[in-house]
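Structural overview for review
What follows is the residue order along each chain.
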Amino acid sequence: MKKQSSLRRLMHYIKPYSFSLICSILFALIYSISNLLIPYFVGKSIDLLVVGSINQDIYKNFIFIGIFIVLAGSSLYLMSLCNNHLTYSLTRDMRNEVFVKIHKLPLSYLDSHSNGDTVSRMVNDIDTMSDGLLLGFNQLFTGLVSIILTLVIMLYLNWFMALIVIVLTPMSVLVARFVANGI
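First, a word on what this report is: a plain description of the structure on this page. As the structure is a prediction and not an experimental result, all values here were calculated from the model.

Glancing now at the packing of aromatic side chains. Tallying each qualifying case throughout the model produces five aromatic pairs. Between Y40 and F41, the aromatic rings sit 5.2 Å apart at their centres with planes inclined by 80°, giving edge-to-face as the arrangement. When its relative accessible area of 11% is taken as the criterion, F41 is described as buried. Pairwise contacts between aromatic rings join Y40, F41, F64 and F68 into one cluster.

The structure is reproduced here in structure tokens:
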């Protein structure tokens, strides 16, 4: 049997739950857009306060801020539900597959290893992977979408400053890594 990469095997398990994955990415997009628009409308409101023109525009900004807060919170909640469904369904499928394989093990293997040890190893490994997937999906989707949207907004507002940030960020990571490892 050809050895598959871990990611390819994981994608095999995710395939039946691709709708949950797509919904999770969509809710991460909504969450990230809402999270980026809240400071924009707060800044516009502060600008109106500084100028001293408290008019209907500031109230509209407050309404938009409220809408985006509710939208961000609800999309984060829905994204967590999708990720939970995806992760726990994957875990259930993997456990079922593992127990089918345990039942097919030869008696000589089961006699030489304690039954609890074999089951415990497999269940603990799947639980560890489940925890990693649950945290990883939440962090990965929102993080990637936030970084991409932030770069797009920066390029739109001031392309020169955005290019400076794009160039200097990897350099600062390398310098921080160099300092952390000891000079």
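Moving on, we come to helix α1 (residues 6-14). Along α1, the positions that sit buried rather than exposed are L10, Y13 and I14. Each buried residue of α1 sits inside an arc of 100° when the element is viewed along its axis, so together they form one side. Exposed residues lying more than 90 degrees from the buried face of α1 are R8 and H12. Between the side-chain oxygen at the start of α1 and the backbone nitrogen of R8 there is a gap of 3.2 Å, and the oxygen is on S5.

The periodicity of an α-helix, 3.6 residues per turn, causes residues three or four places apart in sequence to face the same way. The terminal C-alpha atoms of helix α6 (residues 159-180), which comprises 22 residues, lie 31 Å apart, in line with the 32 Å expected from a rise of 1.5 Å per residue. Most pronounced at L168, the bend in α6 amounts to some 25°, and the proline P170 follows within four residues. A positive backbone phi angle near 95° is found at G182, which sits one or two residues after α6.

Before going further, it helps to examine the nonpolar core. A general trend in soluble globular proteins is that nonpolar side chains are found buried together. Membership of the largest hydrophobic core comes to 19 residues, with the highest contact counts inside it found for L10, I14, L86, L90 and F137. Listed by contribution, the elements that provide at least two residues to this core are α1, α2 (18-51), α3 (56-103) and α5 (115-157).

Let's shift gears to the state of the cysteines. With the rule as written, the count across this model stands at zero disulfides. Cysteine C23 remains unbridged, with the sulfur of C82 as its closest cysteine sulfur at 4.8 Å.

Our focus in this paragraph is the pattern of salt bridges. Evaluated as defined, the whole model comprises three salt bridges. As a salt-bridge pair, D93 and R92 come within 3.5 Å of each other at their nearest N and O atoms. Taking relative accessible area as the criterion, R92 reaches 43% and is therefore assigned partly exposed. Between K101 and E97 there is a salt bridge, with the nearest N and O atoms lying 3.8 Å from each other. Remark: E97 and K101 occur in helix α3; sequence separation between them is four residues, near one turn of the helix. With a relative accessible area of 31%, E97 lands in the partly exposed category.

What counts and what doesn't
Residues numbered from 1 in each chain as written. Predicted model: local features only at pLDDT ≥ 70, side-chain atom pairs only at ≥ 80, totals over all residues. Heavy atoms only, no water. Phe/Tyr/Trp six-rings, centres within 6.5 Å; stacked < 30°, edge-to-face > 60°. Buried < 20%, exposed > 50% of the residue type's maximum accessible area, 1.4 Å probe, protein only. Helix = DSSP H or I, 4+ residues; strand = E, 2+ residues; numbered from the N terminus. Arc of directions from axis to C-beta. Polar contact = N/O pair within 3.5 Å; in protein donor to acceptor, adjacent residues only side chain to side chain. Expected span 1.5 Å × (residues − 1). Bend = angle between axes of the 7 residues up to and from the residue. Core = buried A, V, L, I, M, F, W, Y, C linked by side-chain atoms within 4.5 Å. Disulfide = S-S within 2.5 Å. Salt bridge = Lys/Arg side-chain N within 4 Å of Asp/Glu carboxyl O.

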